[in-house]
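Structure assessment
Below are the chains, spelled out letter by letter.
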Amino acid sequence: RLVQSRKMVSGSLEMNHSTRIMGAFWKCAVGSTVTTPTLVLGSAYKQVHQTGDLIGKALTIQVGRPEPVSPYTTRAHTYAGCKVTSWEFSVSDNEVAKLSMDFDGWDEATATALASASYVAGAEEFNFSQVTSFSLGGTVTGTTELAYSGGTAVAAVVKSLIFKGDNALATERFGLGNAGIKKEQLENGIPVITGTLEAEYAQSEFYTPFKANTATSLLLRFEGSVISGTDKNTLEFISPQIRIKKVTPKVAGPDIVNAAVEFEIYSNDTQNPFQVKLISADSTAI
């Protein structure tokens with residue numbers, strides 16, 4: 001005998017990182033408190049996403065799946081209570097920046113009507129060539145919004161960089177009287193953000209701080225087209241404290257020696273450990 005006593009939904013999404021309409025994704029990925037973008041000047045608006053709790057930060061996601069036997073029928077699958085269990089931001093040589101997320105949800109509905117897709121005019125994609133700053137060792141000031149100054153631009157040729165976040169959520173909160181649908185996924189561990197980069201080997205930049213277990217700060221900034229005045233579409237990451245956990249330079253022949261560098265983001269006890277700032281033409285609520 002077979003019965004269905006619980007319902008579970010999971011899935012993943014990968015997208016090119018656009019200059020528009022990305023705030024909701026970052027809010028659910030890192031647990032920020034942003035509700036409305038702040039006017040910078042003219043038609044440029046700012047969003048500052050810092051890590052926080054994920055209570056109540058979920059998405060309803062709908063997928064339209066065309067049936068091959070009925071070419072003009074698209075079946076709507078709607079998923080409620082989707083929370084980000086893990087995420088990854090990546091950029092590499094000759095590629096656009098990408099954001100991927102893994103979701104855990106409550107339930108699926110197939111009776112909900114398919115929503116009409118709408119597209120924001122003027123949306124572009126950040127890419128490898130738009131990295132204007134990649135620095136280590138600068139001074140980070142502020143609390144509600146971190147600002148980075150000084151530092152040393154990374155001199156090594158860095159071919160790719162990845163940030164990864166694990167949100168440590170309890171995804172099996174099933175209880176009596178809930179008709180097999182779980183309660184909200186709550187944090188049941190310490191969220192962890194790590195990073196990796198592939199670069200030509202530079203001992204002083206990567207291996208020396210790794211061997212000495214020295215903490216440093218990090219800035220990564222993308223700048224795209226002009227929004228208004230001197231304000232450009234911007235994607236910026238700041239971490240007041242990272243520690244390099246692993247460096248593996250490999251000599252495989254006469255080619256340039258490359259190294260895989262792994263680092264982890266830590267709290268410095270006074271500032272938020274990880275900030276994502278967006279400047280765009282998005283003026284409406286997240």
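No experiment lies behind these values; they were computed from the predicted model shown.

Among the nonpolar cores identified, the biggest contains 46 residues, and Trp-26, Trp-87, Phe-89, Phe-163, Phe-206 and Phe-237 are the most heavily contacted of them. Ranked by residue count, the leading element in this core is strand E5 (residues 70–92), at six residues. Contact partners of Phe-206, with chain neighbours within four places excluded, come to Val-154, Ala-156, Leu-197, Ala-199, Glu-200, Ile-244, Val-247 and Val-261. Leu-146, Tyr-148, Leu-219 and Ile-238 belong to the second largest nonpolar core, which has five residues in total.

So, about the side chain of Asn-272. In this structure, Asn-272 sits in the loop between strand E18 (258–265) and strand E19 (275–280). A polar side-chain atom of Asn-272 sits 2.8 Å from a polar atom in the side chain of Thr-51. A distance of 3.2 Å separates a polar atom in the side chain of Asn-272 from the backbone nitrogen of Phe-274. Every residue in contact with Asn-272, bar those within four places of it in the chain, is listed here: Gln-50, Thr-51, Leu-146 and Pro-240.

Right, let's talk about the pattern of salt bridges for a bit. Going through the model one piece at a time under the given rule, you end up with 13 salt bridges. Ionic pairing is found between Glu-184 and Lys-83, a salt bridge with its closest N-O pair at 2.8 Å. You can see Glu-184 sitting in the loop between strand E13 (169–170) and strand E14 (186–187) and its partner Lys-83 sitting in strand E5, a full 101 residues away along the chain. Accessibility expressed as a relative area gives 2% for Lys-83, which makes it buried. The salt bridge partner of Lys-277 is Glu-236, with a shortest N-O separation of 3.8 Å.

We now examine the pairing of E19. Extensive coverage of E19 is indicated by the burial of six of its six residues. Every second residue of E19 is oriented toward a common face, with Gln-275, Lys-277 and Ile-279 on one face and Val-276, Leu-278 and Ser-280 on the other, all of them buried. Pairing geometry for strand E3 (residues 44–50) and E19, over six bridges, is antiparallel. When the bridges of E19 are listed, Tyr-45 appears paired with Ser-280.

This brings us to the pairing of strand E8 (residues 131–136). As judged from the five bridges shared by E8 and strand E16 (residues 216–228), these two strands associate in the antiparallel manner. Paired with Leu-136 across the two strands is Leu-218, which belongs to E16. Here E8 runs beside strand E11 (residues 152–153); their pairing, made up of two bridges, is antiparallel. From the neighbouring strand, Ser-135 faces E11, where its bridge partner is Ala-153.

Further remarks concern the side chain of Lys-27. Tracing the backbone shows Lys-27 in helix H1 (residues 23–30). Leave out the neighbours within four places in its chain, and Lys-27 touches Ser-32, Val-34, Thr-35, His-49, Lys-57 and Ile-286.

Once that is clear, we can look at the packing of aromatic side chains. Taken as a whole, this structure holds twelve aromatic pairs when the rule is applied. Ring centres of Trp-26 and Trp-87 lie 5.3 Å apart, and the angle between their planes is 75 degrees; on these two criteria the pair is classed as edge-to-face. Of the two residues, Trp-26 sits in helix H1 while Trp-87 sits in strand E5, which places them 61 residues apart along the sequence. For the pair Trp-26 and Trp-87, one class covers both residues: buried. Ring geometry for Phe-89 and Phe-237: centres 4.7 Å apart, planes at 45 degrees, overall tilted. A residue pair is termed long-range when its members are at least 10 positions apart, and Phe-89 in strand E5 and Phe-237 in strand E17 (residues 231–250) qualify at 148 residues. Phe-237 sits in the buried class, given a relative accessible area of 0%.

The subject of this paragraph is helix H2 (residues 203–212). Inspection of H2 places Glu-205, Phe-206 and Pro-209 among the buried residues, and these make up the whole buried set. Buried residues of H2, seen end-on, are gathered within an arc of 90 degrees and therefore sit on one face of the element. Set apart from the buried face of H2 by more than 90 degrees, the exposed residues are Ser-204, Lys-211 and Ala-212. Tucked into the core, H2 has its buried residues touching E8, E11, strand E15 (192–200), E17 and E18.

Conventions used here
Residues numbered from 1 in each chain as written. Predicted model: local features only at pLDDT ≥ 70, side-chain atom pairs only at ≥ 80, totals over all residues. Heavy atoms only, no water. Core = buried A, V, L, I, M, F, W, Y, C linked by side-chain atoms within 4.5 Å. Buried < 20%, exposed > 50% of the residue type's maximum accessible area, 1.4 Å probe, protein only. Helix = DSSP H or I, 4+ residues; strand = E, 2+ residues; numbered from the N terminus. Contact = heavy atoms within 4.5 Å. Polar contact = N/O pair within 3.5 Å; in protein donor to acceptor, adjacent residues only side chain to side chain. Salt bridge = Lys/Arg side-chain N within 4 Å of Asp/Glu carboxyl O. Pairing = 2+ DSSP bridges. Phe/Tyr/Trp six-rings, centres within 6.5 Å; stacked < 30°, edge-to-face > 60°. Arc of directions from axis to C-beta.

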